[in-house]
Amino acid sequence: MIIKGTTPGKVSVSFCLHRSLLADSIQVVGDFNDWNRRSHPLTCEHENGAWQPNIEHEKVQEYHFRYLIDGKNWQNEWHADRSIPNPFGGENSIQEI
């Protein structure tokens, strides 16, 4: 699930994955962080049990992203605004800002 909020000139985005997703680590990776596999880890919040980070973005038209689970398994966000094929045979999730 994705939750968006706005402030002047920026958009705050929360990426939330259900606590039932068993993983040692989850990263949100996309063009907003140059597809860096380490810069945006999700943490499992003990209060609600969900995996999530909050990321503040500049207002642009869209971001392409995916989740990287345990450093090897890619997963899409099924609640993203849309998705498109990527050059690696999968799809990228797209979040419109």
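Here is what the cut-offs are and how they apply
- Residues numbered from 1 in each chain as written.
- Predicted model: local features only at pLDDT ≥ 70, side-chain atom pairs only at ≥ 80, totals over all residues.
- Heavy atoms only, no water.
- Helix = DSSP H or I, 4+ residues; strand = E, 2+ residues; numbered from the N terminus.
- Contact = heavy atoms within 4.5 Å.
- Salt bridge = Lys/Arg side-chain N within 4 Å of Asp/Glu carboxyl O.
- Buried < 20%, exposed > 50% of the residue type's maximum accessible area, 1.4 Å probe, protein only.
- Pairing = 2+ DSSP bridges.
- Core = buried A, V, L, I, M, F, W, Y, C linked by side-chain atoms within 4.5 Å.
- Phe/Tyr/Trp six-rings, centres within 6.5 Å; stacked < 30°, edge-to-face > 60°.

## A closer look at the environment of proline 85
And then number 1: Residue position: proline 85 is located in strand E9 (residues 82-85).
And then number 2: Look past the residues within four positions of proline 85 in its chain and what remains in contact with it is Gly90 and Glu91.

## Focus: the pattern of salt bridges
And then number 1: Tallied over the entire structure, the rule returns 2 salt bridges.
And then number 2: In this structure, arginine 82 engages glutamate 62 in a salt bridge whose closest nitrogen and oxygen atoms are separated by 2.4 Å. Linking arginine 82 in strand E9 with glutamate 62 in strand E7 (residues 62-69), this pair joins segments that are 20 residues apart in sequence.
And then number 3: Judged by relative accessible area, glutamate 62 falls into the partly exposed class, the value being 28%.

## A word on the side chain of asparagine 92
And then number 1: Topologically, asparagine 92 is positioned in strand E10 (residues 91-96).
And then number 2: The exposure class assigned to asparagine 92 is buried, which follows from its relative accessible area of 9%.
And then number 3: Sequence-distant contacts of asparagine 92, that is, excluding residues within four places in its chain, are made with Trp35, His64, Phe65, Arg66, Arg82, Ser83, Ile84 and Asn86.

## Quick notes on the pairing of E7
And then number 1: Taking burial as the measure, the 8 residues of E7 include 7 buried ones, the bulk of the element.
And then number 2: Bridge count between strand E3 (residues 26-30) and E7: 5 bridges; the pairing is antiparallel. Opposite glutamine 27, over in E7, you have leucine 68 as the bridge partner.
And then number 3: Bridge count for E7 against E10 is 4 bridges, and the pairing is antiparallel. Its bridge partner lying in E10, tyrosine 63 is registered against glutamine 95.
And then number 4: Inspection of the sheet shows E7 paired to strand E8 (residues 73-75) by 3 bridges, in the antiparallel sense. Directly across from tyrosine 67, in E8, lies its bridge partner glutamine 75.
And then number 5: What sits between E7 and E8 in their antiparallel hairpin is a turn of 3 residues, with aspartate 70 showing a positive phi close to 55 degrees.

## Re the nonpolar core
And then number 1: Core analysis: the biggest nonpolar cluster contains 12 residues, these being Phe15, Leu17, Ala23, Ile26, Val28, Phe32, Leu42, Tyr63, Phe65, Tyr67, Ile69 and Ala80.
And then number 2: Broken down by secondary-structure element, the contributors of at least two residues to this core are E3 and E7.
And then number 3: When residues in this core are grouped by element, the largest group, 4 residues, is from E7.

## Digging into the packing of aromatic side chains
And then number 1: A full pass over the atoms with the stated rule returns 2 aromatic pairs.
And then number 2: Centre to centre, the rings of phenylalanine 32 and tyrosine 63 are 5.8 Å apart; their planes meet at 85 degrees, and the pair counts as edge-to-face. Remark: tyrosine 63 occurs in strand E7 and phenylalanine 32 occurs in the loop between E3 and strand E4 (41-44); sequence separation between them is 31 residues.
And then number 3: The exposure class assigned to phenylalanine 32 is buried, which follows from its relative accessible area of 18%.
And then number 4: The buried category is assigned to tyrosine 63, whose relative accessible area is 11%.

Take it as geometry only, folks, not as evidence of what the structure does.
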